[in-house]
Amino acid sequence: MDIKSSIEGILFVMGNSVSTETLAKAVGADTDEVEAAVQELAEEYEKGNRGIRITRLGDSYQMASAPEIYPCLVKIAKEPKKRVLTDSLLETLSIIAYRQPVTKAEIEKIRGVSSDHAVNKLVEYELVQEVGRMDAPGRPMLFGTTEDFLRTFGVSEIKELPSPPEDLVEKYRSEAEAEVRKLDVVT
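Let me begin by describing the structure that accompanies this report.

What counts, and where the lines are drawn
- Residues numbered from 1 in each chain as written.
- Predicted model: local features only at pLDDT ≥ 70, side-chain atom pairs only at ≥ 80, totals over all residues.
- Heavy atoms only, no water.
- Helix = DSSP H or I, 4+ residues; strand = E, 2+ residues; numbered from the N terminus.
- Pairing = 2+ DSSP bridges.
- Salt bridge = Lys/Arg side-chain N within 4 Å of Asp/Glu carboxyl O.
- Buried < 20%, exposed > 50% of the residue type's maximum accessible area, 1.4 Å probe, protein only.
- Axes fitted to C-alpha atoms, helices over the stretch in contact; angles between N-to-C directions.
- Parallel < 35°, antiparallel > 145°, perpendicular 65-115°, else oblique.
- Contact = heavy atoms within 4.5 Å.

**Here we look at the environment of E179**
Next up, step 1: When you line up the elements, E179 lands in helix 9 (residues 166-186).
Next up, step 2: Separated by 53 residues in the primary sequence, E179 and E126 have C-alpha atoms spaced 35 Å apart.

Written out as C-alpha cells, the structure reads:
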C-alpha cells in the first residue's frame, strides 16, 4: 500500500487531527514525504468535487466534510446546539487568541471586569483550553485557543489571524494612556 492510501485511511479512521510527525512514524516516511502526500490527497479531493476535504490545523491534518454538503447533512443529522458568542465572549476570546498563553487575571485587567463566566463558557464551547500554569505564586492557569477555534474561524494557525491596522493600534494606545493618566489624577 502506498503512503497516500495509508494516510487517507489513518485520517478517516482517527476522526480527529493527526500530526505530521505521527503520520510519518505510522507510514514509515519522513515528514516532507507526508506533507507532499497529504497535499496531493487534498488537491484530489478538491478537484474531484468530493464530499470530503483534508484540513490543515497547525502541524496536523484532519479529514472533514466539504462545506458544500452541509445542507444535506443538516437534513439527516440532528441540528447541533448553536453556540452563541456574545460580545463579552468574543472580546474575551479575542484577548486569549492574540495574547495566549494568558491568565484570567490578565484578561480581567484588559477587560476591566470579571471574566470567569466568559472563560468558562469558552472552555465549555471547546474554543479555549487550559494550556499550563504560570510559574508564579498561586500557579494561575494559562489559557489558549484550541483546534476547534481554528476550525471555527477558518484558519490553520494563530498567526493567520488578522492584525489590526497600525494607525488604530496607535490611536487606542493613546486613548488608553490618556485614560490611565486621568485615573492617576483622580486617585
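**A closer look at the pairing of strand 3 (residues 60-65)**
Next up, step 1: Here strand 1 (residues 18-19) runs beside strand 3; their pairing, made up of 2 bridges, is antiparallel. Paired with S19 across the strands is S60, a residue of strand 3.
Next up, step 2: With 6 bridges joining them, strand 2 (residues 52-57) and strand 3 adopt antiparallel strand pairing. Looking across to strand 3, one finds that R56 is bridged to Y61.
Next up, step 3: Hairpin connection of strand 2 to strand 3: 2 residues between the antiparallel strands, including G58 at a positive phi of 65°.

**Quick notes on the pattern of salt bridges**
Next up, step 1: The final tally for this structure, using the stated rule, is 14 salt bridges.
Next up, step 2: R53 is paired through a salt bridge with E46; the nearest N and O atoms lie 3.1 Å apart.
Next up, step 3: Classification of R53 by relative accessible area gives buried; the value is 9%.
Next up, step 4: The closest approach of N and O atoms between D148 and R151, which form a salt bridge, is 2.3 Å. Here D148 and its partner R151 are both found in helix 8 (residues 147-153), 3 residues apart, which amounts to about one turn of the helix.
Next up, step 5: Overall, R151 belongs to the partly exposed group, its relative accessible area being 32%.
Next up, step 6: Residues participating in the shared-partner salt-bridge network are K4, E40 and E44.

**Comments concerning the packing of helix 1 (residues 3-14) against helix 3 (residues 31-47)**
Next up, step 1: Where helix 1 meets helix 3, the axes come as close as 9 Å, and the angle between the chain directions of the two elements is 75°. One finds that helix 1 runs roughly perpendicular with respect to helix 3. The segment helix 1 lies against helix 3, with I3, K4, I7 and E8 engaging E33, V34, A37, V38, E40, L41, E44 and Y45.

**So, the sheet that holds strand 3**
Next up, step 1: One open sheet accounts for 3 strands, arranged 1-3-2; its pairing is antiparallel. Strand pairing shows two members of the sheet lacking a second neighbour, strand 1 and strand 2, which therefore form its edges.

**Here we look at unusual backbone geometry**
Next up, step 1: In the segment running from Q100 into P101, the intervening peptide bond is cis, with an omega of -5°.
Next up, step 2: The residue P101 is located in the loop between helix 5 (87-99) and helix 6 (104-111) in this model.
Next up, step 3: Even without being a glycine, N49 presents a positive backbone phi close to 50°.
Next up, step 4: Structurally, N49 is set in the loop between helix 3 and strand 2.
Next up, step 5: Judged by its relative accessible area of 64%, N49 falls in the exposed class.
Next up, step 6: In this structure, E126 is a non-glycine residue whose phi angle is positive, near 60°.
Next up, step 7: Considering the arrangement of structural elements, one finds E126 in the loop between helix 7 (116-124) and strand 4 (128-133).
Next up, step 8: For E126, a relative accessible area of 47% gives the class partly exposed.

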